[in-house]
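Chain residues, written in single-letter form:
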Amino acid sequence: MDQARSTISKIFNGEPHSYTRFNLTQNMEGDNSQVEMKLSSDMDEEVGGNGVGDHLNHSSNRKPHVAQKLGRTPKNLCFLAAATLLIFIIGYLIGYLVHRKSDLAPSCAASVLPLEEPVPHETGAAPLMDWDDVKKLFAQKLTVANFESVFSEFSSDEHRAGSPGDDALGNKVLKKFKEYGMNTWTDEHFVKVQDPPASGSNRVVFKNGSNAEYPKGLLSYSAIGTVTGAVLYAGYGQESDLMLLRDRNINLSGRVMLVKAGKISFAEKVANAAKMNASAVLIYPDPADDTFEEDTELYGHVHMGSGDPYTPGFPSFNHTQFPPVQSSGLPKILAQTITAGMAAKILRELGGQNVPQAWGGIYKLGEERDLITVDVNNVLTEKKINNVFGVIKGFVDADRYLVIGAQRDAWGPGFASSTVGTSVLVELARSISDMVKNDGFKPRRSIVFASWSAGEYGSVGATEWLEGYLSSLSMKAFTYINLDGVVAGRNGFKVAASPLLYSLIKSSLNEVKSPNKAPSLSSEFAGGNWETNVLEPLKLDNAAYPFLAFSGIPSVSFRFTPGKSEYLYFGTMRDTRQKLNGVTSNSVPQVAVIASQFAGHMALRLVHDHLLRMDLTRYHDIIRTHVGQINAKVKAVQRVQPQLLPKSLTVQWLISASGSYGRASRSLLADVQNSDLDDIEMCRIINDRIMSVERNFLSPFVSPRESPFRHILLGSGSHTLQALSNHLEALRTTNPEADADLFRNQFALATWTLQGCANSLAGDIWSLDNEI
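Definitions and cut-offs
- Residue indices begin from 1 for each chain and proceed along its sequence in written order.
- Residue-level local features of this predicted model are given only where pLDDT is at least 70; pairs of side-chain atoms are given and counted only at 80 or more, and the full residue set underlies all totals for whole chains, interfaces and linings.
- As a convention, hydrogens and water are excluded, and side-chain values are obtained from all of the structure's heavy atoms.
- We treat two strands as partners when DSSP finds at least two bridges between them.
- The secondary structure listing takes helices from DSSP runs of H or I that are at least 4 residues long and strands from runs of E that are at least 2 residues long, numbered from the N terminus.
- Axis definition: a line fitted to C-alpha atoms, over the contacting stretch in the case of helices. Angles run 0 to 180 degrees between N-to-C directions.
- Any two residues whose heavy atoms approach within 4.5 Å are treated as being in contact.
- A helix is expected to span 1.5 Å multiplied by its residue count minus one.
- Exposure categories follow from relative accessible area, calculated using a 1.4 Å probe and restricted to protein chains: below 20% of the type maximum is buried, above 50% is exposed, and the middle band is partly exposed.
- The charge count includes Lys and Arg as positive and Asp and Glu as negative, but it does not include His or the ends of the chains.
- In what follows, salt bridge is the name for a side-chain nitrogen of Lys or Arg lying within 4 Å of a carboxyl oxygen of Asp or Glu.
- Distance and chemistry together define a polar contact, namely a pair of N or O atoms within 3.5 Å, with one atom able to donate a hydrogen and the other to accept it when in protein, and with adjacent residues in sequence counting only for side-chain atoms on both sides.
- For Phe, Tyr and Trp, where Trp contributes only its six-membered ring, two rings pair if their centres lie within 6.5 Å, and the inter-plane angle classes them as stacked under 30 degrees, edge-to-face over 60, or tilted in between.

When you look at the sheet that holds strand β7 (residues 225-233) in this model, what are you seeing that I'm missing?
Think of a sheet as strands paired side by side through backbone hydrogen bonds, with each pair either parallel or antiparallel. Taking strand neighbours across the sheet as the criterion, the seven strands line up as β5-β4-β12-β7-β8-β9-β11 in an open arrangement whose pairing is mixed. The two strands at the open ends of the sheet, each matched to only one other strand, are β5 (211-213) and β11 (334-337). Strand-to-strand twist of the sheet, defined as the mean angle between neighbouring strand axes without regard to direction, takes the value 25°. Across four bridges, the pairing between strand β4 (residues 203-206) and strand β12 (residues 371-376) is antiparallel. Looking across to β12, one finds that Val205 is bridged to Thr373. The strands that helix α11 (residues 340-349) touches are β4, β5, β7, β8 (256-260), β9 (280-284) and β12; relative to β9, the one it contacts most, it runs at about 120°.

See below:
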């Protein structure tokens with residue numbers, strides 16, 4: 001009404017605007033719906049057709065012109081009064097409509113769901129479900145009976161990567177995901193792997209040829225050929241074991257090293273032997289480690305890396321043009337597994353020095369005349385593999401996602417290595433999907449469930465996926481939870497993870513009950529210090545490792561163990577339900593429920609909270625430790641070998657970069673503590689800064705193809721801070737392999753990588769700490 005009066009007043013006051021806009025309503029997207037009304041009198045007809053300029057010139061004399069009209073005749077006066085009344089009525093009606101429209105204008109929520117009572121919707125201020133309610137609801141979904149059923153459905157005696165058995169299991173997983181109402185898809189790759197020769201076995205001949213053995217075990221990606229050399233018993237094949245032998249003045253060059261399985265991966269054993277110029281490696285399971293059948297064959301791979309070694313750094317899609325390149329992690333020496341029985345025959349015949357006392361045993365190390373011939377003829381084949389995915393989409397940040405994965409393939413039955421993990425994956429998908437569909441749980445972020453193929457060949461399926469979508473994943477995937485081998489016992493518990501996840505792991509240990517009736521996993525296994533008693537390093541052969549060290553995605557892997565020993569049947573044909581029952585006291589499904597709860601608690605917490613629950617300052621302590629070691633060793637080298645590192649080389653820049661990172665992490669922590677959880681956009685910005693922490697530890701100065709694990713703290717290669725420390729030690733001891741120029745180059749690049757981490761963590765460009 002006031003708007004109508006104002007319009008009439010303007011007309012009678014002769015103001016020049018002949019169009020007035022009325023804002024009738026505002027839609028959900030914020031666009032203004034407007035109408036225009038032309039308010040003019042017949043006086044405008046006298047302006048003529050000369051356009052806007054004439055109209056403006058005329059309007060300046062409008063008042064005298066109207067007065068003249070008013071004073072001429074009663075006819076004109078009546079006409080003017082009628083026109084005024086008509087305009088007034090129209091203005092009144094418009095004002096009434098405007099006022100009523102504003103009263104009836106719907107709210108955003110009502111526009112979507114026009115119910116009588118207000119509908120709750122996610123505003124960013126608080127989750128719709130309390131965390132305690134989420135925990136209780138989730139615990140109700142996981143049952144022993146469900147796991148027995150799933151175990152039965154996903155057990156298979158033969159499901160090697162790319163086999164019909166593998167494909168059949170993949171289709172079962174896909175069907176389950178669809179039943180749960182999840183969006184699903186598959187990811188196809190064509191990868192190269194080594195399989196046993198057509199005869200089914202390779203050949204090992206000791207001494208005069210009368211002791212020929214034909215092991216059926218396999219080490220995929222071994223070099224191919226035949227070598228003859230003197231046997232040398234080398235413990236577990238660790239670097240420390242080989243150094244001990246060298247310190248005894250034993251010749252390692254050209255030797256065929258006989259090593260026990262365990263401690264480190266097969267690939268690391270072969271790589272260590274190759275550094276000493278060995279000609280071949282034979283790996284066997286030691287019965288002294290535990291009760292182990294002496295005819296058990298071992299299977300695995302010796303690629304010092306992950307993924308398809310014939311497409312290093314890029315995905316093996318069918319449309320990829322494969323260049324003639326191989327991974328630098330492929331060994332150039334032969335490698336083969338033998339049984340404990342075969343190894344015992346060889347060990348009994350060895351001469352030479354006694355085995356070091358620290359190794360135990362009664363055998364000899366071997367001498368130059370203890371010759372053995374190793375013949376490896378594995379076949380390189382191409383296989384089509386499929387990864388299977390399902391997603392539960394988030395309700396706030398759907399384009400940010402947590403990934404939970406498990407390998408599906410196995411060398412044999414693979415009950416502990418693949419069946420249990422796949423079953424836990426499927427049960428987690430079922431439980432959380434049901435919570436979303438039927439119980440009102442609304443995850444803020446998405447959860448991607450992944451079933452990988454070719455895990456036994458070195459996380460091939462998972463790594464190829466990472467390589468194929470690296471640019472997208474590095475910005476959107478914020479955590480990976482690995483389910484491989486989660487149940488391998490019940491009397492011990494181990495976790496390997498990114499330091500960013502330590503606080504989350506600690507809280508999950510406190511919240512989840514133990515399978516042995518203790519109040520919590522923490523109370524039974526942590527012993528007052530979970531980092532000392534539960535935490536272990538994340539190793540190269542762990543499927544979570546490429547997510548962390550290659551892609552910069554915070555990752556966690558965990559497992560129940562038999563206790564002080566290890567589950568011995570991974571990578572064997574004896575990895576069965578019966579063997580797993582033996583180390584879990586026939587409680588595999590009960591332990592699987594607890595494993596699912598632990599993984600689920602971490603996952604749900606990460607998609608439930610407004611801000612990602614990550615330990616932002618933990619990396620600073622690790623950086624300070626490394627920098628302190630490097631600083632001390634630089635000074636030692638400058639004191640002992642001043643010609644290698646001049647006094648002008650300073651560690652001050654590295655120390656400053658470490659300080660910048662510490663200040664940036666504390667600043668981000670303060671932003672987190674002072675954040676307004678009602679501000680969705682601000683929460684997203686802070687979460688993106690948190691997500692950048694791990695990713696920015698990937699050195700931008702090394703090639704993913706040459707050094708795929710680019711993480712400067714947890715990766716592998718000369719670019720890591722640990723490698724810098726080791727290089728300094730080599731320089732100090734005048735190791736001929738030490739290169740001062742290489743050290744200085746890597747030192748400078750590591751310094752700037754660390755400063756780049758600090759800059760990214762700081763956020764906006766004007767917040768950067770440029771004290772370096």
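Got a minute to help me understand the sheet that holds strand β16 (residues 477-482) in this structure?
The seven strands lie next to each other as β3-β13-β15-β14-β16-β18-β17, forming an open sheet whose pairing is mixed. Where the open sheet ends on each side, the last strands, each with one partner, are β3 (183-195) and β17 (492-497). Each strand of the sheet is rotated relative to its neighbour by a mean of 20°, with strand direction disregarded. Note: β17 against strand β18 (residues 555-561), six bridges, orientation antiparallel. By the bridge assignment for β18, Val495 is matched with Phe558. Here helix α12 (residues 415-438) sits on the sheet in contact with β13 (379-392), β14 (397-407) and β15 (445-452), set at roughly 150° to β14.

When you look at helix α8 (residues 164-179) in this model, what are you seeing that I'm missing?
Along an α-helix, residues three or four positions apart point the same way, because every turn accommodates 3.6 residues. With 16 residues, α8 extends 23 Å from end C-alpha to end C-alpha; this agrees with the ideal 22 Å at 1.5 Å per step. Taken together, the buried positions of α8 are Gly165, Asp166, Leu169, Gly170, Val173, Leu174, Lys176 and Phe177. Buried-residue contacts for α8 involve α7 (144-154), β3, β13, α12 and β15. In the segment just after α8, Gly181 is the residue with positive phi, at about 80°.

What should I look at first to understand the side chain of Asp308 in this one?
Note that Asp308 resides in the loop between β10 (299-301) and β11. Buried charge Asp308 goes without a salt bridge, the closest partner of opposite sign being Lys192 at 7.1 Å. From its side chain, Asp308 meets the backbone nitrogen of Lys192 in a polar contact 3.2 Å long. Setting aside residues no more than four positions away along its own chain, Asp308 makes contact with Phe190, Val191, Lys192, Ser316, Val460 and Glu464.

What is the right way to look at the pattern of salt bridges in this model?
Any two side chains of opposite charge can pair, on the condition that their charged atoms come close. Here the structure, examined in full by the defined rule, presents 34 salt bridges. Among the ionic pairs, Glu213 bridges to Lys345, the shortest N-O distance being 3.2 Å. Of the two residues, Glu213 sits in strand β5 while Lys345 sits in helix α11, which places them 132 residues apart along the sequence. A salt bridge links Arg574 to Glu293; its shortest N-O distance comes to 4.0 Å. Of this pair, Arg574 sits in the loop between β18 and α19 (577-584) while Glu293 sits in the loop between β9 and β10, and the two are 281 residues apart along the sequence. Looking at Arg574, the relative accessible area reads 25%, which means it is partly exposed. Among the charged side chains, a network of salt bridges with common partners joins Asp397, Asp399, Arg400, Arg684 and Asp688.

What am I meant to see in the side chain of Ser156 here?
Tracing the sequence through the fold places Ser156 in the loop between α7 and α8. Every residue in contact with Ser156, bar those within four places of it in the chain, is listed here: Leu169, Gly412 and Pro413.

For this particular structure, what's the right way to read the environment of Ala416?
Here Ala416 lies in helix α12. Taking the C-alpha atoms as reference, Ala416 lies 9.6 Å from Gly489; in sequence the two are 73 residues apart.

Just to check I follow, could you spell out the packing of aromatic side chains for this structure?
Working definition: an aromatic ring pair is given by the centre-to-centre distance plus the angle between the planes. Under the definition given, this model contains 29 aromatic pairs. Geometrically, the ring pair formed by Trp452 and Trp465 is tilted, given 5.3 Å between the ring centres and 50° between the ring planes. With Trp452 in strand β15 and Trp465 in helix α13 (residues 460-468), this pair connects stretches of sequence that are 13 residues apart. Each member of the pair, Trp452 as well as Trp465, carries the same accessibility label: buried. Between Trp452 and Tyr480, the ring centres sit 6.5 Å apart and the planes meet at 50°, which makes this aromatic pair tilted. Of the two residues, Trp452 sits in strand β15 while Tyr480 sits in strand β16, which places them 28 residues apart along the sequence. For the pair Trp452 and Tyr480, one class covers both residues: buried. An aromatic cluster is defined as three or more aromatic residues linked by ring pairs; in this entry it consists of Trp185, Phe317, Phe389, Trp452, Trp465, Tyr469, Tyr480 and Phe547.

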